[in-house]
Amino acid sequence: MVVHDMCGKRVALLGESPMHGFGRTLELKVEITRRLVNECGYNAFFIESGAYDFLNIQKALDSRQPVTEPMIAAAIGGLWANQEVAPLIPFLLEKAQRGTLKLGGLDDQLGRGTYAQQQMPSDLAALLAGDDRAQCLAILQKHMLWQYTNEAPYGPKDKALILGCLDKIERSLSSAGNDGHEYERAMVENLKRCFARDFNENLRPPADLETQSFNDRDRSMSMNFAWLMSRLPARSKVIVWTATVHGAKSLSGVPGREKYVPLGSYIWREFKDESFVLGISALSGTYAMGRQPPRALSAAPDNSLEGLAFAEDQSDAHYFNPKQIRELGLRPARPLGPDFKAANWSDVLDGLVVVREEHPPHASGH
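In this text, all values refer to a predicted model and were calculated from it rather than measured experimentally.

The rules behind each value
- The numbering scheme is per chain: residues are counted from 1 as the chain's sequence reads.
- Note on the predicted model: pLDDT of at least 70 is required for a residue's local features to be given, and 80 or more for side-chain atom pairs to be given and counted; whole-chain, interface and lining totals, by contrast, use all residues.
- Side-chain metrics rest on all non-hydrogen atoms present in the structure, leaving aside hydrogens and water.
- Here a helix means four or more residues in a row that DSSP labels H or I, a strand means two or more in a row labelled E, and each is numbered from the N terminus.
- For a helix, the expected span equals 1.5 Å multiplied by the residue count minus one.
- Think of it in three bands: residues with accessible area under 20% of the maximum for their type are buried, residues over 50% are exposed, and the middle band is partly exposed, with areas taken using a 1.4 Å probe on protein chains only.
- The term nonpolar core refers to a set of buried residues drawn from Ala, Val, Leu, Ile, Met, Phe, Trp, Tyr and Cys, joined through side-chain atoms within 4.5 Å.
- The contact criterion used throughout is that any non-hydrogen atoms of two residues lie within 4.5 Å.
- Here a Phe, Tyr or Trp ring, Trp counted by its six-membered ring, pairs with any other such ring whose centre lies within 6.5 Å, and the pair is stacked when the planes are under 30 degrees apart, edge-to-face when over 60, and tilted otherwise.
- Any carboxyl oxygen of Asp or Glu that lies within 4 Å of a side-chain nitrogen of Lys or Arg is treated as forming a salt bridge with it.
- For two strands to count as paired, DSSP must find a minimum of two bridges between them.
- A fitted line through C-alpha atoms serves as each axis, taken over the contacting stretch for helices, and the angle formed by two N-to-C directions is quoted from 0 to 180°.
- Orientation labels follow simple angle bins: below 35 degrees gives roughly parallel, above 145 gives roughly antiparallel, 65 to 115 gives roughly perpendicular, and whatever is left gives oblique.
- Handedness of each helix crossing follows the sense of rotation of the near helix against the far helix: counterclockwise by less than a right angle gives left-handed, clockwise gives right-handed.
- To be clear, the arc concerns the directions from the helix axis to the C-beta atoms.
- Nitrogen and oxygen atoms within 3.5 Å of one another constitute a polar contact, given that in protein one can donate a hydrogen and the other can accept it, and given that sequence-neighbouring residues count only through two side-chain atoms.

Draft legend 1. How the structure looks around helix α2 (residues 23-40). Here α2 is 18 residues long and its end C-alpha atoms lie 25 Å apart, about the 26 Å a rise of 1.5 Å per residue gives. Taken together, the buried positions of α2 are G23, T25, L26, L28, K29, V30, I32, T33, L36, V37 and C40. G41 sits one or two residues past α2 and shows a positive phi near 75°.

Laid out in structure tokens, this is it:
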């Protein structure tokens, strides 16, 4: 029923808890992704990972250069480097190489072990000449490889040097004309938005800073979403793989999140009922963030969506469709994290899968 409800949509947002520590959830997302592509004609897959590696992958595909599974795995990043997501990597690679699935990263953040960290500084500095090239290569590499010390930590002066180099690269790209550098332009724009959020602590109180940082990051993701969409054929169908807190239609009715403006709200504004936000939660079990020890999920209240899910259902997972979520009204639920919050969840998402028992992801060799 989940795939059935998403099949005719233009944008399918596949959510998960923002701790990214739920293995059964990831298995479901991989299966749903496969089916949306194979059965429903979805032709693009955008993920809440750094834009840079995916831009480099698309550049390689355009020029018929080799793209490998390790490149896809690095682009997806460490959050999803586990056995549950591993089967997705050859699937995405094969479809991308065939030209039937466009891949894209939505985030402007920088990940370890990526093209962005290791090779992008050289590629961007190569667009400059003379002393500028050498100086900016050193400045960018220092940051990407985090060559700071306790005596000389990353600070506002470093940020200013980096932004100065990005301005020079941008000017170089402008003087070179519009041909052949669309991916480098996009990388520079993402880097500028990423660094703009650093060292703003003195501008507002801590609570406001957290909200503003979230909103700035999600606005940046919405800009990447729009950029990627503009390069797809008309009436394309897109999967967005993200945390539910970013995929949400609105968070204004969720306690503690009232001022958050998520990526999903921008998508909802444009696509309305042609989009579908899926949340995934759990009745019981354990979860683990990264390499931390597993933690037990608290017991679900009887009146929560999770508590109601298996009242008459003996299966391993229960699906609430849009009509059911709307009719259940104000209820406690935890699609946005391990803690229960009371909200009208139909304002946040369109469908909710509740897993009977969760488990942490299994570490991967990737």
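Draft legend 2. Spotlight on the nonpolar core. Counting 62 residues, the largest nonpolar core has F46, M120, F225, V240, L251 and W345 as its most contacted members. With near-sequence residues (within four places) excluded, W345 lies in contact with V254, L305, I325, G329, R331, P332, A333, P335 and L336. Membership of the second largest hydrophobic core comes to 46 residues, among which are M19, F91, A96 and Y287.

Draft legend 3. Looking closely at the packing of aromatic side chains. For the structure shown, the criterion picks out 11 aromatic pairs. Each ring, one from F46 and one from F225, has its centre 6.0 Å from the other, and the planes form 80°; the classification is edge-to-face. One end of the pair, F46, is in strand β2 (residues 44-50); the other, F225, is in helix α11 (residues 206-229), with 179 residues separating them in the sequence. We note that F46, like F225, is buried. Pairing W80 with W241 gives two aromatic rings, centres 6.3 Å apart and planes at 90°, and the pair type is edge-to-face. Here W80 is found in the loop between α4 (69-76) and α5 (88-98), whereas its partner W241 is found in strand β4 (residues 238-241), with 161 residues between them in sequence. Here W80 matches W241 in class, with each residue buried.

Draft legend 4. The pattern of salt bridges, seen in detail. Taken as a whole, this structure holds 16 salt bridges when the rule is applied. Between R235 and E274 there is a salt bridge, with the nearest N and O atoms lying 2.9 Å from each other. One end of the pair, R235, is in the loop between α11 and β4; the other, E274, is in the loop between α13 (263-271) and β5 (275-287), and 39 residues separate them in sequence. Taken together, the shared-partner salt bridges in this structure form one network comprising E48, D107 and R217.

Draft legend 5. Quick peek at the pairing of β5. Most of β5 sits inside the fold, with 10 of its 13 residues counted as buried. Pairing of strand β1 (residues 11-14) with β5 involves 4 bridges; the strand directions are parallel. Paired with L13 across the bridge in β5 is V277. Relative to strand β6 (residues 295-296), β5 runs antiparallel, the two sharing 2 bridges. The partner of Y287 across the bridge, within β6, is R295.

Draft legend 6. Broad picture of the packing of α4 against α5. Packing of α4 against α5 brings their axes to within 9 Å, and their N-to-C directions diverge by 115°. One way to sum up the angle between α4 and α5 is to call them roughly perpendicular. Judged by the twist between their axes, the crossing of α4 over α5 is right-handed. Contacts between α4 and α5 involve E69, I72, A73 and I76 on the former and, on the latter, I89, P90, L92 and L93.

Draft legend 7. Just helix α9 (residues 156-175), in detail. Taking 1.5 Å of rise per residue, the 20 residues of α9 would be expected to cover 28 Å, and the 29 Å separating its terminal C-alpha atoms lies within 8% of that figure. Listed as buried for α9 are D158, K159, I162, C165, L166, I169 and L173. Projected onto a plane normal to the axis of α9, the buried residues spread over an arc of 130° and lie on a single side. Seen from the open side of α9, the exposed residues pointing more than 90 degrees away from its buried face are P156, K157, R171, S174 and S175. In this structure, the buried side of α9 is in contact with α7 (120-125), α8 (130-144) and α10 (182-196).

Draft legend 8. Main features of the environment of A125. As for its placement among the helices and strands, A125 is situated in helix α7. Among the residues examined, A125 registers a relative accessible area of 1% and is labelled buried.

Draft legend 9. Structural context of the side chain of K249. Within the secondary structure, K249 sits in the loop between α12 (244-247) and α13. Overall, the relative accessible area of 12% leaves K249 in the buried class. Of the polar contacts made by the side chain of K249, one reaches the backbone oxygen of S346; its length is 2.9 Å. A polar contact of 2.9 Å, which involves the side chain of K249, links it to the side chain of D350. Among all residues touching K249, those that are not within four sequence positions of it are G264, S265, W268, V277, S346, D347, V348, L349 and D350.

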